[in-house]
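One letter stands for each residue in the lines below.
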Amino acid sequence: MGGALGERSLYFGSPETVVRKMARAIKALGVGRFDLIYGNQPISTLWDSAARFLGIG
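Residues numbered from 1 in each chain as written. Predicted model: local features only at pLDDT ≥ 70, side-chain atom pairs only at ≥ 80, totals over all residues. Heavy atoms only, no water.

Caption draft 1: Representation of the overall build of the chain. Within the chain, the regular secondary structure consists of two helices and zero strands. Every one of the 57 residues in the chain was classed for burial, and the buried ones make up 16%. Within the chain, residue pairs in contact and separated by at least 24 positions form 14% of the contacts whose partners lie at least 6 positions apart. By element, 59% of the accessible surface of the chain is carried by carbon and sulfur atoms, the whole surface being about 4600 Å². (Helix = DSSP H or I, 4+ residues; strand = E, 2+ residues; numbered from the N terminus. Buried < 20%, exposed > 50% of the residue type's maximum accessible area, 1.4 Å probe, protein only. Contact = heavy atoms within 4.5 Å. Areas by Shrake-Rupley, 256 points an atom, 1.4 Å probe, with all protein chains shown as cover.)

Shown next, in the form of structure tokens:
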């Protein structure tokens, strides 16, 4: 978990940690697309998480 490469992976931590793990996976797998799923949350929580992840919130 937490950073495993494969068909499905989970990434935990601060936005900076998650970005590092995603970048490592993207480079290792040579993928051109990476889907981010935030889970079953209210839309306001999802937007807040996305804004913080992007550094705009």
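Caption draft 2: Molecular detail of helix H2 (residues 43-54). Over its twelve residues, H2 extends 16 Å from the first C-alpha to the last, a length consistent with the 16 Å expected when each residue adds 1.5 Å. Looking at the residues trailing H2, positive phi occurs at Gly-55, about 75°. (Expected span 1.5 Å × (residues − 1).)

Caption draft 3: Structural context of the pattern of salt bridges. All told, the structure shown has one salt bridge when counted by the stated rule. With a closest N to O distance of 3.3 Å, Asp-48 and Arg-52 form a salt bridge. Here the residue Asp-48 and the residue Arg-52 both occupy positions in helix H2, the gap between them amounting to four residues, near one helical turn. By relative accessible area, which is 41% here, Asp-48 ends up partly exposed. With a relative accessible area of 47%, Arg-52 lands in the partly exposed category. (Salt bridge = Lys/Arg side-chain N within 4 Å of Asp/Glu carboxyl O.)

Caption draft 4: Fine view of a nonpolar patch on the surface. Together, Ile-26, Leu-29 and Val-31 line one region of the surface with nonpolar side chains, adding up to about 210 Å² of accessible area. Along the chain, Leu-29 falls in helix H1 (residues 15-29). (Patch = residues over 30% accessible without salt bridge, like charges linked within 9 Å, V, L, I, M, F, W, Y side chains within 5 Å.)

Caption draft 5: Representation of H1 in the model. For H1, which comprises 15 residues, the first-to-last C-alpha distance of 21 Å matches the rise-based estimate of 21 Å (1.5 Å per residue) to within 8%. Listed in full, the buried residues belonging to H1 are Val-18, Lys-21, Met-22 and Ala-25. The buried residues of H1 all sit within an arc of 100° when viewed along its axis, so they share a single face. Exposed residues lying more than 90 degrees from the buried face of H1 are Glu-16, Arg-20, Arg-24 and Lys-27. Turning to H1, the residues buried within the fold contact H2. Just downstream of H1, Gly-30 is the residue with a positive phi angle, here 65°. (Arc of directions from axis to C-beta.)

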